[in-house]
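The lines below spell out each chain.
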Amino acid sequence: LAKQHGRNTYEFFAPEEDRLAVANGERLLSIGRAIETDELRLLYQPILNMRSGVVQAFEALVRWRHPERGLLEPAAFLPDIESNELIHGLDQWVLEHALRDYRRWDSSGRPLKLHINISARTLMTPGCMQDIARLVRSEPGLRPKTLVLEIIESAALDGLEQVGSVVLQGELLGVSFALDDFGTGYSSLTYFRRLPARVLKIDRSFVRDMLIDQEDRDIVEGAIGLARAFGREVIAEGVEGVDHGVRLLHLGCELAQGFGIAAPMPAEAVDAWLDAYRAPADWTQFGCLM
Ligand code: C2E
Ligand code: MG
Ligand code: MG
Ligand code: MG
């Protein structure tokens, strides 16, 4: 009976597993195709120095214009590809297209930096930093100094040392790095300690409730203190309102990104947005008092 039961179970589950594997394979195939057929899009979100009111950078954020499902955010497709080769293709696509978009703003004479998300997996592929440096050099007018690579990590890294040496290599070439989503998942103190990234981005989950939750506020304050002690720049993610900014300035964090400044926008919208944007007076006035 047991044997029969086992066989039934097997017969029941095997097709199901096959079906899942096929569905999975199809999803991956269609992402691969999306990369090749330019179904991906980039949006850009500003990073503001709240004290001076000057926009210092834009971060490129990828979207997938899915033929049936509409505009997809990374949460809908990145998890599928983060653990396989496709992430390299995506990172490469984003790099090329973001550098191309950047040309437009560069010609307007504004000294803007460009932040690009890159998975730690991609950084670990041999020759990655050389490829990036070559790409940067092939863009007329683009200097390595303008590029900030945000290291994103969704799994424990075997090669933390390796990523660390890639970061040093990059810094020698003039490219800088940011540790993304600090305080969540694998973006931990160990990573902070081992990756000599020049910039720390405090995850938006701590910033969101910092006005109502003392513990989140303490974590944000701690992260700012840590960054300062190690001579790193710090950027707060998820700044949704003026009060967030005021509190962050009090805590010593000047750089911010979030819907309270602007939502991610298409490349074509950046110039007009920059012309029209005025930082909230509460922030810049606070800067004068300091
Ligand atoms: P991230 O790098 O931490 O990017 C910030 C995310 O927070 C973006 O989500 C952005 O739209 C969102 N955000 C910005 N301001 C606010 C705010 O005030 N409130 C709230 N609630 N959210 C805000 P998005 O675009 O969905 O990206 C999610 C993640 O996907 C990114 O997190 C990054 O880890 C990854 N990602 C995005 N673009 C790329 C890419 O081109 N390559 C790679 N490898 N990963 C990417
Ligand atoms: Mg990022
Ligand atoms: Mg982040
Ligand atoms: Mg984040």
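- An unreviewed UniProt entry lists the protein chain under the name EAL domain-containing protein, from Thiorhodococcus mannitoliphagus.

### Describing the packing of aromatic side chains
- This structure, assessed with the given rule, holds 8 aromatic pairs.
- Taking 5.9 Å as the distance between ring centres and 55° as the angle between the ring planes, the aromatic pair formed by Phe182 and Phe192 counts as tilted. Here Phe182, found in strand β6 (residues 176-182), pairs with Phe192, found in helix α7 (residues 189-194); they are 10 residues apart in sequence, far enough to count as distant.
- Residue Phe192 is classed as buried on the basis of its relative accessible area, which comes to 2%.
- Note on Trp273 and Tyr277: the rings are 4.5 Å apart at their centroids and 20° apart in plane angle, and the pair reads as stacked.
- Its relative accessible area of 17% is what places Trp273 among the buried residues.
- Aromatic rings pair up to connect Tyr44, Phe58, Tyr102, Trp105, Trp273 and Tyr277 into one cluster.

### Some words on helix α5 (residues 128-138)
- Among all positions of α5, only Cys128, Met129, Ile132, Ala133, Leu135 and Val136 are buried. Angularly, the buried residues of α5 cover 160° about the axis, an arc narrow enough to put them on a single face. Of the exposed residues in α5, the ones pointing more than 90 degrees away from its buried face are Arg134, Arg137 and Ser138.

### A short note on the packing of α5 against helix α6 (residues 160-173)
- One can describe the packing of α5 onto α6 by two numbers: an axis separation of 10 Å at closest approach and a directional angle of 25°. On the basis of the axis angle, α5 is roughly parallel to α6. The element α5 and its partner α6 pack so that their crossing is right-handed. Facing α5, whose interface residues are Met129, Gln130, Ala133 and Arg137, α6 presents Val166, Gln169, Gly170 and Leu173.

Rules behind the numbers
What you see as residue numbers is a count from 1 along each chain, following the sequence as written. Key to labels: chains lettered from A, ligands numbered from 1, both in the order written. Note on the predicted model: pLDDT of at least 70 is required for a residue's local features to be given, and 80 or more for side-chain atom pairs to be given and counted; whole-chain, interface and lining totals, by contrast, use all residues. Side-chain calculation: all heavy atoms of the structure are included, whereas hydrogens and water are not. Aromatic rings from Phe, Tyr and Trp, with only the six-membered ring used for Trp, were paired whenever their centres fell within 6.5 Å, and each pair was classed as stacked if the ring planes differed by under 30 degrees, edge-to-face if by over 60, and tilted otherwise. We count a stretch as a helix when DSSP gives it H or I for four or more residues in a row; a strand needs E for two or more, and each element gets its number in order from the N terminus. Burial here depends on accessible area, computed with a 1.4 Å probe over protein chains only, as a share of the maximum for the residue type. Under 20% is buried, over 50% is exposed, and the range in between is partly exposed. In this description, one arc is meant: the one made by directions from the helix axis to the C-beta atoms. Between N-to-C directions, angles span 0 to 180 degrees; the directions come from axes that are lines fitted to C-alpha atoms, helices contributing only their stretch in contact. Throughout this description, any angle smaller than 35 degrees is read as roughly parallel, any larger than 145 degrees as roughly antiparallel, any in the 65 to 115 degree range as roughly perpendicular, and the remainder as oblique. A crossing counts as left-handed when the near helix is turned anticlockwise from the far one by less than a right angle, and as right-handed when that turn is clockwise. Contacts are assigned to residue pairs with any non-hydrogen atoms lying within 4.5 Å of each other.

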